[in-house]
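Geometric and topological summary
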Amino acid sequence: MNPQILMIEDDASIRDMTKMNLNMNGFQQVYCASDGEEGLAMAAQLAPDLILLDVMLPGIDGLTVCRNLKNNPALADIPVIMLTAKGEENDVVLGLEIGADDYITKPYSSKVLAARIAVQLRKKRNGTKGGRTIVLGALSIDLVTHSVSLDGRPLTLTADEFKTLALLAANPGRVFTRNQIIREVKGGNYPVTARAIDMHMVNLRRKLGEWADHIETVRGVGYRAAGE
């Protein structure tokens, strides 16, 4: 497999260095766009396997590009990893809620970037969302019987805890904001505060025991399940 990766990044030095590092890590088909308009045009033409998207772009910004991609049925399933500076935390939250699959903060390690790309490509290839059973290491979640086991030992979870764990485990490496978790668990307009979600996660982690280390807090953003 030789996946096509589209990088939309206006900084030429970052673009060239990232492409070189990706090539060194085995990703040979890396295409580059220098602004949002060009990026959208290339995405439509190439239908790449994954898109690396800078937040701060001239003209059409990265958030708008992400929204356009996810609203296009032909492109909506392409994983999008946002590239963001540390000071763009609010943009990260917005990007994830628009539909971005992950984000990486600049400056980033080439090995970390390659690993995060591999996670998204593997998820896309395996079609994680369509399965009846979610398996993540020692954790097994049966979506039909609504049962969870850890190392073969059944766990007793509330309905909300089950939904939260299934959401995170089905998307290892993907960050979900608190608002996204609320919407998935309770529905669109349910009046739950971010603090309530944090307490909900505390209770879930307590039941998971040592495996709770797999549920990572992404400061200022939300939560994700670490991949195995």
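These lines cover the structure that appears in this document, whether it is placed above or below. (Residues numbered from 1 in each chain as written. Predicted model: local features only at pLDDT ≥ 70, side-chain atom pairs only at ≥ 80, totals over all residues. Heavy atoms only, no water.)

**A few points about helix H8 (residues 194-208)**
With 15 residues, H8 should reach 21 Å at 1.5 Å per residue; the first-to-last C-alpha distance of 21 Å fits that figure. Within the sequence span of H8, burial applies to Ile197, Asp198, His200, Met201, Leu204 and Leu208. Looking straight down H8, one finds that the buried residues subtend no more than 160° of arc, so they occupy a single side. The exposed set on the far side of H8, more than 90 degrees from its buried face, consists of Arg195 and Arg206. Gly209 sits one or two positions beyond H8 and adopts a positive phi of about 60°. (Helix = DSSP H or I, 4+ residues; strand = E, 2+ residues; numbered from the N terminus. Expected span 1.5 Å × (residues − 1). Buried < 20%, exposed > 50% of the residue type's maximum accessible area, 1.4 Å probe, protein only. Arc of directions from axis to C-beta.)

**Considering helix H7 (residues 178-186)**
If you check which residues of H7 are buried, you get Arg178, Gln180, Ile181, Ile182 and Val185. Packed against the buried residues of H7 are helix H4 (89-98), helix H6 (159-169), strand S10 (176-177), H8 and strand S12 (222-225). Directly beyond the C-terminal end of H7, a positive phi value near 105° is found at Gly187. (Contact = heavy atoms within 4.5 Å.)

**Topic: the packing of helix H2 (residues 36-46) against helix H3 (residues 62-70)**
Two elements in contact, H2 and H3, have axes separated by 10 Å at closest approach and are oriented at 20°. Of the possible angle classes, the one that applies to H2 and H3 is roughly parallel. The element H2 and its partner H3 pack so that their crossing is right-handed. Only Val65, Asn68 and Leu69 of H3 make contact with H2, whose side of the interface consists of Gly36, Leu40 and Ala43. In terms of residue class, the contact of H2 with H3 is built from four nonpolar, two polar and no charged. (Axes fitted to C-alpha atoms, helices over the stretch in contact; angles between N-to-C directions. Parallel < 35°, antiparallel > 145°, perpendicular 65-115°, else oblique. Left-handed = near helix turned anticlockwise from the far one by under 90°. Nonpolar A, V, L, I, M, F, W, Y, C, P; charged D, E, K, R; others polar.)

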